[in-house]
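The lines below spell out each chain.
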Amino acid sequence: MRAFLCLKTQQLVIRVLSPSAAVRWGAAQSRFLCSSSPEESKSRPSMLRHLTTKLKATGPITVAEYMREVLTNPVTGYYVRNNMLGPDGDFITSPEISQIFGELLGVWIISEWMGAGRPKQLQLVELGPGKGSLAGDVLRVLSQLRSVLGEASVSLHLVEVSPALSLLQAQNLTRSCSQEADSEDEPVYRRGETAAGLPVSWYRRLDDVPAGFSIFVAHEFFDALPIHKFQRTQKGWREVMVDIDPDKPDKLRFVVAPSPTLASSTLVQADERRDHVEVCAEGGVIVQQLSKRITEEGGAALIADYGHDGTKTDTFRGFKGHQLHDVLSSPGSADLTADVDFSYLRRMAGGGVACLGPVSQRTFLKNMGIDTRMQVLLRSCVDPTTRKQLISSYDMLTNPIKMGERFHFFSLLHHSRLAKPKKTEGLKLDKKKSPAPLPVAGFTELSIS
Ligand code: SAH
C-alpha cells in the first residue's frame with residue numbers, strides 16, 4: 001500500500017506537464033537573502049502621524065498592535081498596496097520564483113484529497129494569496145488532473161485582508177470576471193469564476209469560509225501576522241512595547257513595560273529558557289481554527305514559511321526594495337515580518353489533529369518529485385536562457401544556503417489520515433505485519449521500490 005500511494009503521487013508529478021517556462025523571476029532575492037539597506041527610506045508621514053497621535057493618547061503600544069496597524073490598517077497599512085511582491089517590490093516568494101513550486105503543492109493537495117477517500121467536495125482555501133500565483137498554479141494542476149478528481153466539486157476560497165491584492169488576485173485568477181459585494185458586512189466580499197468555471201470567493205477572515213472538507217494552504221502568511229515580544233528581566237518577563245522617542249518626536253523606539261502585561265503573564269511558557277521570545281498569538285488562534293475545522297469536517301492544512309522550532313529569539317525585521325529595513329523607520333513603507341515558531345503552532349493545534357514537520361523546503365520539494373519535474377522540463381526546453389533560468393530558480397528553491405533549508409513545511413492532518421487502514425473482512429493478515437499508515441506526500445520520501 002505504501003508503494004502504491006507513492007507511485008500514485010509520483011505519477012501525478014509526471015503527469016503535470018506544463019510546456020511553458022517554469023520561471024517567473026530569474027535573479028530572485030527572497031526575504032532571507034537581503035543585505036542591509038544603505039538608503040534612508042522615503043517616509044509615509046500619514047502612518048507615522050497616525051501612530052504618534054495614537055501613542056500620545058494611549059501611551060506605548062505592544063509590538064503586535066504596532067505590526068497590525070502598520071501592515072493591515074485599512075487606509076494606510078502596508079498591505080493596502082498591491083505592489084510589494086516581485087522584482088520591483090520589496091520581496092519575492094517561492095511561488096513567484098517558479099511555477100514548479102505551486103504545481104507540486106497542487107499535486108500535494110490532490111494526493112491528500114485521495115488519501116482522505118476522495119470526498120465529493122473539495123474546498124481549496126488559501127490564506128494570504130499575494131498575487132494569486134500559487135493558487136493559479138494549483139488550479140492549473142487540478143485542471144490537468146481533472147480525470148483524477150472525477151465528479152468532485154472544487155471551489156477556491158481566498159482569505160485576504162487587502163482589497164488591492166484581492167483585485168490583483170481576481171485579475172489573475174478570474175480574468176477580471178469578479179464582483180465586489182454590495183455591502184461591507186458581507187462575509188464574502190468578492191466573488192468570481194475561473195476560466196474553467198470554478199467558483200472563487202474572497203473573505204477577510206478564516207472564520208467566514210464555509211464549513212466543509214477543505215485543504216488549507218498558507219505560504220508566507222504566518223510570518224506576516226503580528227507578534228508579541230517579551231524580554232526576560234530581573235523582575236521576570238516583561239513585554240517589549242513601541243513608544244515615541246522623547247529626544248526625537250518624529251521617531252519611534254522600543255521600550256520595556258515596567259510591569260507585567262496580560263500578554264507577558266499568559267503567553268510565555270513557564271519553562272521558557274530563552275531570554276527573549278516572540279509569540280504570534282494571532283497565528284495560534286488561526287491554527288486552533290484550522291485544527292477544529294479539520295477535526296470536524298476533514299481535510300488538511302499545509303503551512304510553509306521560514307521559521308524555527310522554538311529556538312530563535314529576535315527575528316522581527318523589515319524589508320523594503322529587497323533590502324533589510326529598520327522596523328520602526330517610516331512605518332507602512334516596508335514589509336514587517338518575524339520567523340514562525342512551529343513549536344508554538346504545534347502546541348496551539350492541540351491533540352485534535354496530527355501534526356507533521358516542520359521539514360525543510362528542500363526535503364519537501366525533493367520528496368514531492370521536484371527533480372523528476374525538472375528533468376521533464378529541461379528535456380523539452382531548448383532555449384539556453386530559459387534552461388539557465390530553470391536551473392537557477394531550482395537552485396534558489398532547494399539550495400540549503402538559499403531557500404532550501406530556511407523555509408519549512410508543516411502540516412495539520414485529520415487523525416484518520418495516519419491511522420492504520422482497517423483490515424478487510426475475510427482477509428487473513430499476519431498480525432505482526434498489519435498494514436502501515438499511508439505516507440503523506442512531501443513528508444515521506446517518494447520511492448517506487
Ligand atoms: N502567499 C503569497 C503572499 C505572501 S505576503 C506568496 O507567498 O507569494 C502575505 C499575504 O498575506 C498578502 O496577501 C497579505 O495581504 C496577506 N495578509 C497579511 N495579513 C493578513 C491577515 N491578517 N489576514 C488575511 N490576509 C493577510
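The structure presented is a predicted model; accordingly, all values stated were derived computationally and were not measured.

Thresholds, definitions, all that
Residues numbered from 1 in each chain as written. Predicted model: local features only at pLDDT ≥ 70, side-chain atom pairs only at ≥ 80, totals over all residues. Heavy atoms only, no water. Patch = residues over 30% accessible without salt bridge, like charges linked within 9 Å, V, L, I, M, F, W, Y side chains within 5 Å. Areas by Shrake-Rupley, 256 points an atom, 1.4 Å probe, with all protein chains shown as cover. Salt bridge = Lys/Arg side-chain N within 4 Å of Asp/Glu carboxyl O. Lys, Arg positive; Asp, Glu negative; His and termini not counted. Charge placed at Lys NZ, Arg CZ, Asp CG, Glu CD. Helix = DSSP H or I, 4+ residues; strand = E, 2+ residues; numbered from the N terminus. Pairing = 2+ DSSP bridges. Axes fitted to C-alpha atoms, helices over the stretch in contact; angles between N-to-C directions. Contact = heavy atoms within 4.5 Å. Polar contact = N/O pair within 3.5 Å; in protein donor to acceptor, adjacent residues only side chain to side chain. Parallel < 35°, antiparallel > 145°, perpendicular 65-115°, else oblique. Left-handed = near helix turned anticlockwise from the far one by under 90°. Buried < 20%, exposed > 50% of the residue type's maximum accessible area, 1.4 Å probe, protein only. pLDDT = per-residue confidence, 0-100. Phe/Tyr/Trp six-rings, centres within 6.5 Å; stacked < 30°, edge-to-face > 60°. Expected span 1.5 Å × (residues − 1).

So, a negative patch on the surface
Together, Asp182, Glu184, Asp185 and Glu186 give the surface a local cluster of negative charge. When you line up the elements, Glu186 lands in the loop between strand S4 (178-180) and strand S5 (188-193).

Focus: the sheet that holds strand S14 (residues 323-325)
The sheet built from three strands is open, its strands ordered S14-S13-S15 with antiparallel pairing. On the outer flanks of this sheet lie S14 and strand S15 (335-337), each paired with one strand and no other. Recorded for the sheet is a direction-independent mean angle of 40° between the axes of neighbouring strands. Of the pairings in the sheet, the one linking strand S13 (residues 317-320) to S15 comprises three bridges and is antiparallel in character.

With respect to the environment of Ala135
In this fold, Ala135 is placed in helix H6 (residues 133-144). C-alpha separation for the pair Ala135 and Leu124, spaced 11 residues apart in sequence, amounts to 8.9 Å. The residues contacting Ala135, other than those within four sequence positions of it, are Glu126, Leu156 and Leu173.

Re the pairing of strand S8 (residues 228-233)
Two elements, S8 and strand S11 (residues 276-279), share four bridges in a ladder whose sense is antiparallel. Directly across from Gln231, in S11, lies its bridge partner His276. Two strands pair when backbone bridges link them, and S8 and strand S9 (residues 236-245) are joined in this way by four bridges, in the antiparallel orientation. If you follow Arg232 over to S9, its bridge partner there is Trp237. If you look at the hairpin formed by S8 and S9, you'll find two residues sitting between the two strands.

Some details on the pattern of salt bridges
Applying the stated rule across the entire model yields 18 salt bridges. Note that Arg373 and Glu103 form a salt bridge whose closest N and O atoms lie 2.7 Å from each other. Placement of the pair is Arg373 in helix H13 (residues 370-379) and Glu103 in helix H5 (residues 99-115), with a sequence separation of 270 residues. When salt bridges with common partners are traced through the structure, they connect Glu103, Asp137, Arg140 and Arg373 into a single cluster.

A few points about the side chain of Ser166
Looking at the secondary structure, you find Ser166 in helix H8 (residues 163-174). Side-chain polar atoms of Ser166 contact the side chain of Arg190, separated by 3.3 Å. Once residues lying within four places of it in the same chain are set aside, the contact partners of Ser166 are Glu160, Tyr189, Arg190 and Trp202.

What about the packing of H5 against H6?
It is at 7 Å that the axes of H5 and H6 come closest, and there the two elements cross at 55°. As far as their axial angle goes, H6 and H5 are oblique. Both H5 and H6 take part in a crossing whose hand is right-handed. For the pair H5 and H6, contact is made by Gln99, Phe101, Gly102, Glu103, Leu105, Gly106, Val107, Ile109 and Ile110 and by Leu134, Asp137, Val138, Arg140, Val141 and Leu142, respectively.

Remarks on the pairing of strand S2 (residues 121-127)
Among the seven residues of S2, six are classified as buried, and the element is accordingly described as predominantly covered. Summarising the sheet, S2 and strand S7 (residues 214-219) pair through five bridges and their orientation is parallel. Counterpart to Gln123 in the pairing with S7 is Ser214.

Digging into the confidence of the model for the chain
When the pLDDT values of the chain are averaged, the result is 89; 85% of them are 70 or greater. In the model, residues 1-7 has pLDDT below 50 throughout and makes 13 contacts with residues more than four positions away in sequence or in other chains. Considering only residues more than four positions removed or in separate chains, one finds that residues 35-44, a stretch of pLDDT under 50, has 24 contacts.

Structural notes on the environment of Leu267
Inspection of the secondary structure assignment puts Leu267 in the loop between helix H9 (262-266) and S11. Discounting residues that sit within four places of it in the chain, Leu267 has contacts with His228, Phe230, Val279, Ala281 and Tyr344.

Some remarks on the packing of aromatic side chains
Tallied over the full model, the rule gives seven aromatic pairs. Note on Phe342 and Phe410: the rings are 5.6 Å apart at their centroids and 45° apart in plane angle, and the pair reads as tilted. Separated by 68 residues along the polypeptide, Phe342 in helix H11 (residues 342-349) and Phe410 in strand S18 (residues 407-414) bring together distant segments of the chain. Using a relative accessible area of 0% as the deciding quantity, one classes Phe342 as buried. Note on Phe364 and Phe443: the rings are 5.5 Å apart at their centroids and 75° apart in plane angle, and the pair reads as edge-to-face. Placement of the pair is Phe364 in helix H12 (residues 361-367) and Phe443 in the segment after S18, with a sequence separation of 79 residues. The pair formed by Phe364 and Phe443 is uniform in burial state, with each residue classed as buried. Of the aromatic side chains, those joined through ring pairs into one cluster are Phe101, Phe364, Phe409 and Phe443.

Digging into helix H14 (residues 384-398)
For H14, which comprises 15 residues, the first-to-last C-alpha distance of 21 Å matches the rise-based estimate of 21 Å (1.5 Å per residue) to within 8%. Taken as a whole, H14 has its buried residues at Thr386, Leu390, Ser393, Tyr394, Met396, Leu397 and Thr398. Buried residues along H14 sit in contact with helix H4 (94-97), H5, H12, H13 and helix H15 (400-404).

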